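A look at the structure
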Protein chains: 2
Amino acid sequence: MILYDFELSGNCYKIRLMLSLLGQDYEKKSVQVAAGENKAEAFLQLNPKGEVPVLEDSDQIFADSGAILVYLATQYGEQYWLPCDAVSQARIQYWLATASNEIQHGPSAARVIKLFNVPWDYAQAVQITDTLLPQIDQHLSQHHWLAAEHVTIADIAVYPYLALAEEGDINLGVYRHIRQWQKQIEALPNYIALPQATAMA
Amino acid sequence: MILYDFELSGNCYKIRLMLSLLGQDYEKKSVQVAAGENKAEAFLQLNPKGEVPVLEDSDQIFADSGAILVYLATQYGEQYWLPCDAVSQARIQYWLATASNEIQHGPSAARVIKLFNVPWDYAQAVQITDTLLPQIDQHLSQHHWLAAEHVTIADIAVYPYLALAEEGDINLGVYRHIRQWQKQIEALPNYIALPQATAMA
């Protein structure tokens, strides 16, 4: 497998984490996002959206971090990370959608604004975050994991940008159920550390 | 099954369409979105995001239109609408993510702004739409359906807000592959008509 990767991207980290949790070897190709390589024609052939991560496996190309999680879980995860029954599938989909929408436009956007000085609307990102985090904290006050009785790709999809939220000046201090759940993920066998923006700056 | 529904919502229409295509009977409960019923405590118990649609089936509650499509396809669709193999699952997920993110913030937002006078950023919605539609049109120039050799929930998730785009002053005229694909969906057995905002205004 080849992962088209950008070290600081939380969406790429999701896939590196999943591959590690699954014990899958892969080759990493760094995409020079700062230089716009992801918007160049060669990369757009891989993903018309011009976004990392992209995964190549057995001559198939997959874009979108949620879609790649679904692929890896189905191909290599023996129905543990993405159980086949209708209720589990729907519960997981709810969180994949949340990762694609509210998390991307909330804590992820806040982090991009603060880390890379992008001229997006920070107040809007904070507002989306402030609406979302109490919902997740409340959910985790009643559930040990987001979508099932055990960890699934729902947790892997939601975890990175919450764990990186401080880099967007988002404080998770009051969300103790989220912080407890983060520790559970960080205790998984073969967990790998988050990207360290400060160390690379 | 009970569908908590708002007639004009494209996300609710997705579910009504899917239920019709699957030949499933259900009870429709209208949520008074204009009166804020979806943000009242009773509804937030069903979906903390305060959004329609919500589906109730066998004492289980499902929120998010993509998650409900996944549920219905898995529970009632005999692996036709959501095939089980890893490649199909990932291809479909790519489009469910697109429906949750770019379509929601693009053509769907443009329509909400024009139809309900909501003070969102119309120029941004148009920009997202203008980036997305050529990608979809290009994809459909090479594929008969979005994610597989036959129609899947990917098509059902993406179709409504493209078909309703004119209500957001988005013109699909130049996107002939999208228009052809829309006709294919509209020719499916048990297809139901789109909500008619103008007729209800």
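See the structure shown above.
This text gives an overview of the structure that appears in the document. As the structure is a computational prediction, the values presented were derived from the model and not from experiment.

Residues other than glycine predominantly adopt negative phi, and peptide bonds predominantly adopt the trans conformation. Following A:V52, the chain continues to A:P53 via a peptide bond in cis, the omega torsion being 0°. Checked against the element boundaries, A:P53 lands in the loop between helix 2 (41–46) and strand 3 (54–57). A positive phi angle, close to 80°, is found at B:D64, a residue other than glycine. Mapped onto the elements of the fold, B:D64 is located in the loop between strand 4 (60–63) and helix 3 (65–76). Classification of B:D64 by relative accessible area gives buried; the value is 16%. Of note in the backbone geometry, B:E78 takes a positive phi value of approximately 50° without being a glycine. Among the structural elements, B:E78 can be located in the loop between helix 3 and helix 4 (86–116).

All names here are of chain B. Here we have 4 strands laid out as an open sheet, ordered 2-1-3-4, and mixed in their pairing. The open sheet terminates on both sides in strands that have one partner only, identified here as strand 2 (27–30) and strand 4. Across the sheet, the axes of successive neighbouring strands diverge by a mean angle of 20°, strand direction being ignored. Pairing of strand 1 (residues 2–5) with strand 3 (residues 54–57), which is carried by 3 bridges, proceeds in the antiparallel orientation. Residue L3 lies in a different strand from strand 3, and its bridge partner there is L55. Packing of helix 1 (residues 10–21) onto the sheet brings it into contact with strand 1 and strand 2, and relative to strand 1 it is tilted by some 150°. Sheet strands in contact with helix 3 are strand 3 and strand 4, and its direction is about 30° off that of strand 3.

Residues and elements named next belong to chain B. With 12 residues, helix 1 should cover 16 Å at 1.5 Å per step; its first-to-last C-alpha distance of 16 Å lies within 8% of that length. The buried count for helix 1 comes to 11 of 12 residues, which makes it a mostly enclosed element. Of all the residues in helix 1, the buried ones are G10, N11, C12, Y13, K14, I15, R16, L17, M18, L19 and L21. At its buried positions, helix 1 is contacted by strand 1, strand 2, helix 3, helix 4 and helix 6 (153–163).

A few words on the environment of A:L140. Residues and elements named next belong to chain A. As for its position among the elements, L140 is in helix 5 (residues 122–142). A relative accessible area of 8% means that L140 is categorised as buried. Along the backbone, L140 and H177 are 37 residues apart, and their C-alpha atoms lie at a distance of 5.6 Å. Discounting residues that sit within four places of it in the chain, L140 has contacts with W145, L146, H177, I178 and W181.

The next point concerns the environment of B:S9. Residue and element names in this part refer to chain B. Within the secondary structure, S9 is located in the loop between strand 1 and helix 1. When near neighbours in sequence (up to four residues on either side) are disregarded, S9 contacts V52 and Y161. A polar contact of 3.1 Å, which involves the side chain of S9, links it to the backbone nitrogen of N11.

Thresholds, definitions, all that
Residues numbered from 1 in each chain as written. Chains lettered and ligands numbered in written order. Predicted model: local features only at pLDDT ≥ 70, side-chain atom pairs only at ≥ 80, totals over all residues. Heavy atoms only, no water. Helix = DSSP H or I, 4+ residues; strand = E, 2+ residues; numbered from the N terminus. Buried < 20%, exposed > 50% of the residue type's maximum accessible area, 1.4 Å probe, protein only. Pairing = 2+ DSSP bridges. Axes fitted to C-alpha atoms, helices over the stretch in contact; angles between N-to-C directions. Contact = heavy atoms within 4.5 Å. Expected span 1.5 Å × (residues − 1). Polar contact = N/O pair within 3.5 Å; in protein donor to acceptor, adjacent residues only side chain to side chain.

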